[in-house]
Amino acid sequence: QVQLVESGGGLVQAGGSLRLSCAASGRIFSINAMGWHRQAPGKQRELVADITSAGRSTNYADSVKGRFTISRDNAKNTVYLQMNSLKPEDTAVYYCAAKLQRTSWKSLEDYWGQGTQVTVSS
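Residues numbered from 1 in each chain as written. Predicted model: local features only at pLDDT ≥ 70, side-chain atom pairs only at ≥ 80, totals over all residues. Heavy atoms only, no water.

Our next topic: the nonpolar core. Taken as a class, soluble globular proteins show a tendency for nonpolar side chains to be buried jointly. Formed by 32 residues in total, the largest nonpolar core has its most connected members in Trp36, Leu81, Met83 and Tyr94. Elements represented by at least two residues in this core include exactly β1 (2-7), β3 (18-26), β4 (30-39), β5 (46-51), β7 (68-73), β8 (78-83), β9 (92-101) and β11 (116-121). Here this core gets five residues from one element, more than from any other, and that element is β9. If we ignore the near neighbours within four places in the chain, the residues touching Leu81 are Leu18, Arg19, Leu20, Trp36, Val48, Ala49, Phe68, Thr69, Ile70 and Tyr94. (Core = buried A, V, L, I, M, F, W, Y, C linked by side-chain atoms within 4.5 Å. Buried < 20%, exposed > 50% of the residue type's maximum accessible area, 1.4 Å probe, protein only. Helix = DSSP H or I, 4+ residues; strand = E, 2+ residues; numbered from the N terminus. Contact = heavy atoms within 4.5 Å.)

If you want it as structure tokens, here you go:
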């Protein structure tokens, strides 16, 4: 069984910072891309940022460029999202996602965390 567990969400004032973490555990052969998505009330889930397996390439939503930074520690099977200069419109449930192989003979599969709430007050 594979689990992705997020942590680091909470309530912060506008202009503040939070750091989200997501650790993957269980039977994992390899992890490919990892990323963060978010879903605000009444809106569709959207990609916030993702990062390739070696961490050499990252991709960000236009709305967070210059404020958020995604990184990963492959030794810990963990991906991070450093969020600075937070705005009320960043309020959402943030979900971690990973494309991974459970064994060498299985294809890549998508896994999701349970989500962590980020609330930014004005």
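This part takes up the side chain of Thr116. Relative to the elements of secondary structure, Thr116 occurs in strand β11. In this structure the side chain of Thr116 is engaged in a polar contact, spanning 3.4 Å, whose partner is the backbone nitrogen of Gly9. The contacts of Thr116, once residues within four sequence positions are left out, are Glu6, Gly9, Leu20, Ala92, Val93 and Tyr94. (Polar contact = N/O pair within 3.5 Å; in protein donor to acceptor, adjacent residues only side chain to side chain.)

The next thing to look at is the environment of Asp110. For Asp110, the position within the fold is in strand β10 (residues 109-112). Each residue touching Asp110, except ones within four places of it in the same chain, is listed here: Ala98 and Lys99. One polar contact links Asp110 to Lys99, side chain to side chain, over a distance of 2.9 Å.

Another aspect to go through is the pairing of β4. Remark: a regular strand shows side chains that alternate across the two faces of the sheet. Across eight bridges, the pairing between β4 and β9 is antiparallel. In the strand pairing of β9, Gly35 is matched with Ala97. Alignment of β4 against β5, held across five bridges, turns out to be antiparallel. Bridge pairing links Met34 to Ile51 in β5. Between β4 and β5, which pair antiparallel one after the other, the connecting turn spans six residues, and Gly42 there sits at a positive phi close to 75°. (Pairing = 2+ DSSP bridges.)

A few words on the pattern of salt bridges. Side chains carrying opposite charge are able to pair once their charged atoms draw close together. Scanning all chains against the criterion turns up six salt bridges. A salt bridge links Lys65 to Asp62; the nearest nitrogen and oxygen atoms lie 3.1 Å apart. A salt bridge links Arg67 to Asp90; the shortest N-O distance between them is 2.7 Å. Of the two residues, Arg67 is situated in the loop between β6 (58-60) and β7 and Asp90 in the loop between β8 and β9; the sequence distance between them amounts to 23 residues. What makes Asp90 buried here is its relative accessible area of 1%. Look at the salt bridges and you will find they share partners, linking Arg38, Glu46, Arg67 and Asp90 into a network. (Salt bridge = Lys/Arg side-chain N within 4 Å of Asp/Glu carboxyl O.)

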